[in-house]
Amino acid sequence: MTDAVLSTPAGASGVGAALRGVAGAVVPVLVVVAAIVALWYVACVPMNIKEALTQAERAGAVINPPSAIERRDASAIGLVVRNPSHASATLNQERPRLPAPHQVGAELWKTTGGMVLRGRAFSKRSLIYHAWVTLSATVFGFVIGTVAGVGLAVGIVHSRVMNMAVMPWAIASQTIPILAIAPMIIVVLNSVGVTGLLPKALISAYLSFFPVTVGMVKGLRSPDSMQLDLLRTYSASRSETFWKLRLPASMPYFFTSMKIGMAAALVGAIVGEMPTGAVAGLGARLLAGSYYGQTVQIWAALFAAALLAAVLVGAIGAVQRATLRRMGMAQ
Amino acid sequence: MIGTSMPTERTAPGAGVAEADQPVIEARKLDLTFQTNDGPVQALRDVNLTINKGDFVSFIGPSGCGKTTFLRVVAALEQPTGGEITVNGMTPDEARRSRAYGYVFQAAGLYPWRTIAKNIKLPLEIMGYSKTSQEEHVARVLKLVDLEGFGGKFPWQLSGGMQQRASIARALAFDAEILLMDEPFGALDEIVRDHLNEQLLELWARTEKTIGFVTHSIPEAVYLSTKIVVMSPRPGRITDVIESTLPRERPLEIRDTPEFLAIAHRVREGLRAGHAYDE
């Protein structure tokens, strides 16, 4: 009886609090997004004004100043101030220096949802197809990198020799710019007949193993001396210490480093698509866009890559929450 | 079982029944020197001590007096650099392998990813107990520390005192005869501590374990022990060993009796003497 009486207002205020919580989280996010979009639109006007004025002049409009040479040397903001009526033309150009948000949005829709509606989701003009190509290399490379990273970490934690021999090389490997080493990996593997997914995946793995190694070394070493002493009083073996203490204790570190590793793997896959003259993948799409001055296409590919990264990292986050809750370690 | 031979021996130490005074832990001229970056540090010097079966022995002294180090030597977590020590007539290493002792640390140190029952199972899993016997042991020790019904809870769902009780249950799970406790209640508040002290005495009476107990607190040491070992630092050594004259049955009120205060006074004197020696 009393329970029921008490629980009703508590439940109602709980819902209210939850709604306030959601609103409290959504409103600041929306404000920030709106501010970025507004800033972006404002930036488009001076960025694209010269091209807009040149086209308007060709169409017969009177421009201030009338000389193209004078305009070339004038400041962009000054041109906007002197020709305010042409500002709107800066937002709808075919090849703008900086495409406006709605142009990028329209391109994204045209190459994703629009293609799906026409039943051509996996045509070569579809970003879904290119994202899929990049995704498969990313995930494949991420798996290789994670397995290698965990393996190295286990070795480093258990062997003094490996700790001293491997860690410096792992750190050195990350100081080499990936842009320098990616074409070499592709070319070398190509010359021995390995082509397709694997070379790109290896570049992804090269970038993603490192955060996993560092994170897992930290995680496997996280049990304090008291916890290790406790297992010594049971005369536990090294493998028992590993499976019962070190590995479970490292789980929060594991997921955090996998998130970083996944983002790095995506960068690796995109970089791997650039120097090879690849025809497919978000990296190839970026490269093609820059060859042909298709800025809208570049920006659309960039946003696709960002969305892909968000989805992948979000997926790891979901697995993390589920796992830690099962382990009883979520708050 | 409990009420018969043991207490008579306890109230009249030395004069007791011949068969009862079995030495469980014996240290002879024990030395331990740590090599540190600032040079050698003598953690234990010339420590001679006999702990008999069923004793409750407290080690008390300021930080750095070697009380924890001594307990760790008994547990084979540290190797002495001189002298001899036997546990159940064996070396500490052999005693550990024969599961002679359970160790309770200052912090409960329960695994956050295991429930209380599974935490208590941890030593049993490592020692290869069968699944059914694991369940039996867990149920029995949970009852012993008054945590029945909490086996399915995770550590963070329990109070600090309950967590420490669970860690005592974990140390008791595999039926070791000796319980080594390194300031187990040091991080808990006074009220919880009083309560746990009472429970520990009850548990000791019921199980007839031999207990080595490190503490900073004079009342705690006097209240719990049959024997109080007073130690002093630099180098760590024993300055006094006090056989308690208190009866085995000890309500909390015993702490106001003249007898209790007399023992506490002697402990305090011993600590002061050790300190003065240093300055």
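Residues numbered from 1 in each chain as written. Chains lettered and ligands numbered in written order. Predicted model: local features only at pLDDT ≥ 70, side-chain atom pairs only at ≥ 80, totals over all residues.

J.: How would you sum up the overall build of chain A? Please name residues and give values.
T.: Each helix and strand counted, chain A has 13 helices and zero strands in total. Rg of the C-alpha trace for chain A: 27 Å, well past the compact-globule value of 20 Å for 331 residues, more than 25% over. A burial count over chain A gives 31% of its 331 residues as buried. (Helix = DSSP H or I, 4+ residues; strand = E, 2+ residues; numbered from the N terminus. Rg over C-alpha atoms; globule rule 2.2 N^0.38 Å. Buried ≥ 20, exposed ≤ 12 C-beta atoms within 10 Å, placed from the backbone.)

J.: Please set out the interface of chain A and chain B residue by residue, giving values where relevant.
T.: In this assembly, 15 residues from chain A lie in contact with 17 residues from chain B. Elements with a minimum of two residues in the side of chain A that touches chain B: α10 (225-233) and α11 (238-273) of chain A. Examining the composition of the side of chain A that touches chain B, we find that six residues originate from one element, α10 of chain A, more than from any other. Each residue belonging to the side of chain A that touches chain B can be placed in one class, and the counts come to seven nonpolar, four polar and four charged. (Contact = placed C-beta atoms within 7 Å. Nonpolar A, V, L, I, M, F, W, Y, C, P; charged D, E, K, R; others polar.)

J.: Break down α11 of chain A for me, citing the residues and quoting the values.
T.: Relative to the 52 Å expected for 36 residues at 1.5 Å per residue, α11 of chain A spans just 43 Å between its end C-alpha atoms, considerably shorter than the ideal helical length. Along α11 of chain A, the sharpest kink reaches roughly 50 degrees, centred on Met 251 of chain A and followed within four residues by the proline Pro 252 of chain A. (Expected span 1.5 Å × (residues − 1). Bend = angle between axes of the 7 residues up to and from the residue.)

J.: Go over the pairing of strand β8 (residues 227-232) of chain B, please, and point to the residues and values.
T.: Residues and elements named next belong to chain B. Most of β8 sits out of view: six of its six residues are buried. Along β8, one buried face is formed by Lys 227, Val 229 and Met 231 and the opposite face, lined by Ile 228, Val 230 and Ser 232, is buried too. The sheet contact formed by strand β3 (residues 56-60) and β8 spans four bridges and is parallel. Opposite Ile 60, over in β8, you have Val 230 as the bridge partner. (Pairing = 2+ DSSP bridges.)

J.: Report on the environment of Ala 95 of chain B, specifying residues and quantitative values.
T.: Residues and elements named next belong to chain B. Position of Ala 95 among the secondary structure elements: in helix α3 (residues 92-97). Judged by C-beta crowding, with 24 C-beta atoms within 10 Å, Ala 95 ranks as buried. Taking C-alpha positions, Ala 95 is 8.2 Å from Ala 75, a pair spaced 20 residues apart along the chain. Those residues in contact with Ala 95 that sit more than four places away from it in its chain are Val 87, Asn 88, Met 90, Ala 100 and Tyr 101.

J.: An account of the sheet that holds β8 of chain B is needed here, citing residue identities and associated values.
T.: Residue and element names in this part refer to chain B. Pairing within the open sheet is mixed, and its six strands lie in the order β5-β6-β7-β3-β8-β9. In this open sheet, the two strands that pair with only one neighbour each are β5 (101-104) and β9 (237-243). The mean angle between the axes of side-by-side strands here comes to 15 degrees, regardless of whether they run parallel or antiparallel. Note: β8 against β9, six bridges, orientation antiparallel. Across the sheet, residue Met 231 finds its bridge partner in β9, namely Ile 238. (Axes fitted to C-alpha atoms, helices over the stretch in contact; angles between N-to-C directions.)

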